[in-house]
Amino acid sequence: MNASDAGPPADPGDELPAVVPAVAPQLRALRRRAGLTLEAAARAAGLSPAHLSRLETGQRQPSLPMLLALARIYGTTVSELLGETVADRDAIVRAGDMEPTRAGGWTYFQAGAPGRGMQALRVRVPHGTQGDIVRVHPGEEWLYVLRGRLRLRLGDTAHLLGPGDSAHFDSLTPHRLAAEDHDGVELLFVHTLLQSPTATLCLGPLTGELP
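Just so you know, these numbers come straight off a predicted model, no measurement behind them.

Moving on: the environment of P126. Within the fold, P126 resides in the loop between strand 3 (119-125) and strand 4 (133-135). Taking relative accessible area as the criterion, P126 reaches 32% and is therefore assigned partly exposed. Sequence separation between P126 and G184 is 58 residues, and the spatial gap between their C-alpha atoms is 4.2 Å. If near-sequence neighbours (up to four positions away) are discounted, P126 is found in contact with G105, W106, A179 and G184.

The subject of this paragraph is the nonpolar core. Core analysis: the largest hydrophobic core is formed by 21 residues, its most contacted members being L27, L36, L52, L70, Y74 and L81. Contributing elements (two or more residues each) for this core: helix 1 (23-33), helix 2 (38-45), helix 3 (49-56), helix 4 (64-74) and helix 5 (78-81). For this core, the element with the highest residue contribution is helix 4, accounting for six residues. Other than its neighbours up to four places away in sequence, L27 contacts L55, E56, L67, L70, Y74 and L81. Ranked by size, the runner-up nonpolar core spans 17 residues in total, among them A167, L177, V185 and F189.

The rules we used
Residues numbered from 1 in each chain as written. Predicted model: local features only at pLDDT ≥ 70, side-chain atom pairs only at ≥ 80, totals over all residues. Heavy atoms only, no water. Helix = DSSP H or I, 4+ residues; strand = E, 2+ residues; numbered from the N terminus. Buried < 20%, exposed > 50% of the residue type's maximum accessible area, 1.4 Å probe, protein only. Contact = heavy atoms within 4.5 Å. Core = buried A, V, L, I, M, F, W, Y, C linked by side-chain atoms within 4.5 Å.

This is the structure:
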């Protein structure tokens, strides 16, 4: 067989075998469930809208890195993107099973089941940590102050929240969170976070104190 008979070169996006017909409708259904337009999802995944459209119509097969990126953006797993049955999740999270995770001085306790559209956390924010970081990302956030006082800035407006106060806002609104008191603040935090890498969630530190 000569070179002319070999056909076009393999496309790097065609790394998965065409034996996963469920992936195309799943990609579209999960994008819509996440409330993302084709353009927004493609931009977040580093793809062109036309490329993502071809994936959703089955004209192209996604590579594994593409599936990983889309699963992260849609708040799901690669297994669900492939149409595999998702095992039933335990609805109950026991206090003793909440393992702390620490990042940037904050302490996070998973207060909900992983892999769902909403993520629930209990968060401890020490005084003087991450107060200069502005966050902007797709999704919604709801927080409730359990203990201490929270300084929350939404856009150009600053709010002081005490125990029992809550806030519910669009995460595309630039926001900053900081503990007002030296004893820190503890929050119950629920979000529909559609992008997870920290670098994509922040505009970066700003100079000066939070007003």
